[in-house]
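Notes for the structure review
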Amino acid sequence: MPYVRIEITAGATRDQKRALVEDVTRSLVDNLNKRPEHVHIVIDEVAEENWGFAGQLTDEWRRAQREDAVAANSQ
């Protein structure tokens, strides 16, 4: 019984999550010969303020990226 836990930052749509579950299940079936009805997948969504990336909180990092893009476009 494969159990897969996926942690992502919040904001994925239901369709994106469905596609992720389908893709991961298909991979386990194709690569490990697991039965799809035995595959369990949990998606945990984490608020960007609770996720760190590149030494910063993800919401702050993304904000800086957006600001940099705006500055580059205004030049």
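Data block above holds the structure.
The notes below deal with the structure included here. (Residues numbered from 1 in each chain as written. Predicted model: local features only at pLDDT ≥ 70, side-chain atom pairs only at ≥ 80, totals over all residues. Heavy atoms only, no water.)

Assigned secondary structure in the protein consists of two helices and four strands. Going from N to C terminus, the protein has its helices and strands arranged as β-α-β-β-β-α. Viewed in the frame of its principal axes, the protein has a C-alpha envelope of about 55 × 25 × 20 Å. Within the protein, buried positions represent 15% of all 75 residues. For the protein, contacts bridging at least 24 residues in sequence account for 61% of all contacts bridging at least 6. As presented, the protein carries roughly 5800 Å² of accessible surface, and 48% of it is formed by carbon and sulfur atoms. Across the protein, 10 positive and 14 negative side-chain charges occur, with their mean positions spaced 6 Å apart. (Helix = DSSP H or I, 4+ residues; strand = E, 2+ residues; numbered from the N terminus. Buried < 20%, exposed > 50% of the residue type's maximum accessible area, 1.4 Å probe, protein only. Contact = heavy atoms within 4.5 Å. Areas by Shrake-Rupley, 256 points an atom, 1.4 Å probe, with all protein chains shown as cover. Lys, Arg positive; Asp, Glu negative; His and termini not counted. Charge placed at Lys NZ, Arg CZ, Asp CG, Glu CD.)

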